[in-house]
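Okay, here's what each chain looks like letter by letter:
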Amino acid sequence: MPEGRITERFLEERRAAARISCPPTLVPAPGQYLLAYNPASNDPLAVAVFSASPLADGFLAASSLPAAWTPGTSIHLRGPLGRGFALPAAARRVALVADDVPPAYLLGLLPLALKQDAAISLVCNNPPEDLPNDVEIRPMAALEEICHWADYLALAVTREGWRARVGNSRALKVPREAQVLIVAPMPCGGLAKCGVCSVEISEESFLACEDGPVFTL
Ligand code: FES
């Protein structure tokens, strides 16, 4: 199995949780994930790792990692897996909404949106400090207003947050082009059909690992 290595950990996880070196073919696209585990650990459960930004020698990881994965730790990586975000080429007003997860989960979309000259609003209550000047920061209280403004919306939320805040797509008046990344434990990545990652979208049940983790609203 291809190997990666933790090269840095960050205390502040709004921008990224860690730096991981790995072959470029493993770097997940925005919304996709890798399954990572430490072969030297007694914990057999794999961790889903998302990218906040690609780097020349790997990527910045958006996901929280086990505390024992200190710099220098070798990890096994499988992926990229799952369906990621698909930013429409025509989108000119892009809203990135980090509900109850760090905004890092959505930052991989920034260069793509900037490349197509889109105006960008990052909606969250704890934004990172080092964002490009072109990115407007708005609080979660402005979500409804931003939903009217945007022509594409990408939402990132835990499964619990999804149940509590949205419930189903009819509860939030999203733009016509909208996607949601459901952040849930995905220990098998679909291999064992464990069902741990099951999620309900519009009253239908899905596996986040295989059917998502990004869903169209
Ligand atoms: S993580 Fe096991 S089925 Fe999705």
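Each chain has its residues counted from 1, following the order in which its sequence is written. pLDDT decides what is reported in this predicted model: residues at 70 or higher carry local features, side-chain atom pairs at 80 or more are listed and counted, and totals for whole chains, interfaces and linings draw on all residues regardless. To obtain the side-chain values, all non-hydrogen atoms of the structure were used and water was disregarded.

Considerations on the pairing of strand S6 (residues 58-61)
- Note on pairing: DSSP must find at least two bridges between two strands before they are called paired. Numbering of helices and strands runs from the N terminus; a helix is a DSSP stretch of H or I covering at least four residues, while a strand is a stretch of E covering at least two. Summarising the sheet, strand S2 (residues 18-21) and S6 pair through 4 bridges and their orientation is antiparallel. The residue bridging isoleucine 20 from the neighbouring strand is phenylalanine 59, located in S6.
- Where strand S5 (residues 51-55) lies against S6, 4 bridges are found, and the strand directions are antiparallel. Bridge pairing links proline 54 to phenylalanine 59 in S6.
- From the end of S5 to the start of S6, which pair antiparallel, there are 2 residues.

Regarding unusual backbone geometry
- Cis geometry is found at the peptide bond from glycine 79 to proline 80, where omega equals 0°.
- Its place among the elements puts proline 80 in strand S7 (residues 74-81).
- Residue proline 213 follows glycine 212 across a cis peptide bond; omega there is 10°.
- In the Ramachandran plot, aspartate 117 falls in the positive-phi region, its phi being about 55° despite a non-glycine side chain.
- Here aspartate 117 is to be found in the loop between helix H1 (110-115) and strand S9 (119-123).
- Any residue under 20% of the maximum accessible area for its type is buried, any over 50% is exposed, and the rest in between are partly exposed; the area is computed with a 1.4 Å probe on protein chains only. Assessed through its relative accessible area of 66%, aspartate 117 is described here as exposed.
- At lysine 193, a residue that is not glycine, the phi angle is positive and equals roughly 50°.

Thoughts on the sheet that holds S7
- Spatially, the 7 strands line up as an open sheet ordered S4-S3-S7-S1-S2-S6-S5, and their pairing is antiparallel. Two strands close off the open sheet at either side, each with one partner strand: strand S4 (47-49) and S5. With direction set aside, neighbouring strand axes in the sheet form an average angle of 35°. The axes used here are C-alpha line fits, helices contributing only the stretch in contact, and every angle between their N-to-C directions lies in the interval 0 to 180 degrees.

What about the side chain of glutamine 179?
- Locating glutamine 179 in the fold gives a position in strand S12 (residues 177-183).
- We define a polar contact as two N or O atoms separated by no more than 3.5 Å, with the added condition that, inside protein, one atom must be a possible hydrogen donor and the other a possible acceptor, whereas residues neighbouring each other in sequence contribute only through side-chain atom pairs. Within the structure, the side chain of glutamine 179 is placed 2.7 Å from the side chain of tyrosine 152, a separation counted as a polar contact.
- Residue contacts follow a heavy-atom distance rule, with two residues in contact if any of their heavy atoms lie within 4.5 Å. Apart from residues lying up to four places away in sequence, glutamine 179 is in contact with Gly84, Phe85, Ala86, Tyr152, Leu153, Ala154, Leu155, Val214, Phe215, Thr216 and Leu217.

A few points about the sheet that holds S9
- Here we have 6 strands laid out as an open sheet, ordered S10-S9-S8-S11-S12-S15, and mixed in their pairing. Of all the strands in the sheet, just strand S10 (135-138) and strand S15 (214-216) have a single pairing partner and so form its edges. On average, each strand axis in the sheet is tilted by 20° relative to the strand beside it, whichever way the strands run.
- Sheet topology note: the S9/S10 ladder contains 4 bridges and is parallel. Note that in S10 the partner of leucine 122 across the bridge is isoleucine 137.

Notes on the domain arrangement of the protein chain
- Its domain assignment divides the protein chain into domain 1 (3-81) and domain 2 (93-216).
- Computed over C-alpha atoms only, the centres of domain 1 and domain 2 are separated by 20 Å.
- The partner domain 2 presents 22 residues to the 18 residues of domain 1 that form the contact.
- Buried area is a sum: the accessible area each of two parts loses on coming together, probed at 1.4 Å, counted once for each and added. It is Arg14, Arg15 and Tyr33 in domain 1 that bury the most area against domain 2; as a group they hold 37% of the surface buried on that side.
- Each reported salt bridge corresponds to a side-chain nitrogen of Lys or Arg within 4 Å of a carboxyl oxygen of Asp or Glu. At the surface where domain 1 touches domain 2, the tally comes to 2 salt bridges.
- Notably, a salt bridge pairs arginine 14 with glutamate 129, separated by 3.8 Å at the nearest N-O pair.
- Counting every contact that joins domain 1 to domain 2 gives 5 residue pairs in polar contact (both at pLDDT 80 or more).
- Mapped onto the side of domain 1 that touches domain 2, the elements with two or more residues apiece are strand S3 (33-37) and S5.
- Lys, Arg, Asp and Glu make up the charged group, whereas Ala, Val, Leu, Ile, Met, Phe, Trp, Tyr, Cys and Pro make up the nonpolar group; the residues left over, Gly among them, are polar. Residues belonging to the side of domain 1 that touches domain 2 are distributed by class as follows: 10 nonpolar, 4 polar and 4 charged. Just so you know, the domain bounds were taken from an automatic or database domain assignment.

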